[in-house]
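Chains, contacts and geometry: an overview
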Amino acid sequence: MNNPDLREYISDILNQNYRISEAENGKIGVEFAFNLLPDIIVSDIMMPQMDGNELCSILKEDERTSHIPIILLTALSSISSQLKGFEHGADDYITKPFNADLLLARVKNLIEVRKQLQQKFQRSVFVNPADFVTNVSDEKLLKKALELVESNLDNLDFAIPEFILGMNMSKTGIYKKIKVLTGQSVSEFIKSIRLRHAAQLLLRKEFTISEISYRVGFQNRTQFNRAFKEQFSMSPTEFIQSHLNS
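Description of the structure in this document. (Residues numbered from 1 in each chain as written. Predicted model: local features only at pLDDT ≥ 70, side-chain atom pairs only at ≥ 80, totals over all residues. Heavy atoms only, no water.)

Looking now at unusual backbone geometry. Omega for the bond connecting K96 with P97 falls within 30 degrees of zero, at -5°, which places this linkage in the cis form. In this structure, P97 sits in the loop between strand 3 (92-95) and helix 5 (100-123). The residue K205 is not glycine, and still its phi comes out positive at about 60°. Summarising the element assignment, K205 is placed in the loop between helix 9 (186-204) and helix 10 (209-215). Judged by relative accessible area, K205 falls into the exposed class, the value being 58%. (Helix = DSSP H or I, 4+ residues; strand = E, 2+ residues; numbered from the N terminus. Buried < 20%, exposed > 50% of the residue type's maximum accessible area, 1.4 Å probe, protein only.)

Next up on the list: the nonpolar core. With 22 residues, the main nonpolar core has L142, V149, F163 and F189 as its most contacted residues. For this core, the secondary structure elements donating two or more residues are helix 6 (136-150), helix 7 (160-167), helix 8 (171-182) and helix 9. Counting residues per element, this core draws most heavily on helix 6, at six residues. Among residues more than four places away in sequence, those in contact with V149 are F158, F163, F189, I190 and I193. In terms of nonpolar packing, the next biggest core, distinct from the first, is built from 15 residues, I212, V216, F218 and A227 among them. (Core = buried A, V, L, I, M, F, W, Y, C linked by side-chain atoms within 4.5 Å. Contact = heavy atoms within 4.5 Å.)

For the rest of this paragraph, the subject is helix 11 (residues 221-232). Over its twelve residues, helix 11 runs 16 Å from end to end, which matches the ideal 16 Å to within 8%, given 1.5 Å per residue. Of the positions making up helix 11, those classed as buried are F224, A227, F228 and F232. One side of helix 11 carries all its buried residues, which in axial view fall inside an arc of 110°. Opposite its buried face, helix 11 presents the exposed residues T222 and E230, each directed more than 90 degrees away. Measuring from the backbone nitrogen of T222 back to the side-chain oxygen at the start of helix 11 gives 3.2 Å, which picks out N220 as the cap. A positive backbone phi angle near 60° is found at S233, which sits one or two residues after helix 11. (Expected span 1.5 Å × (residues − 1). Arc of directions from axis to C-beta. Polar contact = N/O pair within 3.5 Å; in protein donor to acceptor, adjacent residues only side chain to side chain.)

The following block contains the structure:
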């Protein structure tokens, strides 16, 4: 934002709990976002070279930054102004002048929502990408990642290099994206999808545990049992029993 007093005020509010980077206009803000991939962005709407709405559109349409929550600040309190911000992909909207505690609460809430979505993803046996993201771009990317792993479940050689190649993104980009969306590293993500499919097969009761472990890409049952218990806090046998009793 181009108002140095406002930037300083916001920095003073947030730097007690967060590391802050400042950009004096929207164009520089977009460059910073691509380079730094911040956890959240607070942007004024009225800025030179590129306003907050345009900044929001650019970042939300790019798969590298589409996950980043954006709070827009404006002196305009009309419903039409707020709707315009949301139409450009803003996650929240604060009218100036604003209370410092309100800004802190909004920032904390948006970051907490992302953590809750990560935890929900990690706990779920059945995964619908739309349930774990906040925009269509991230839904498409997560769906592609899930389908890529699921199509290689019985391939013992499918690992991080093959996943990166299949996703057609830079190594750094896909590492960051998977971590943000799921709270997992790429290797953890791949393993968790294998184990989710194993859990689904266990519920269908069509195969033995040994057969299932091989079908989802584990070389032996001992390795499979250990990984399954780490993810679901119970052994495959206990998992089956728990669903028989539920």
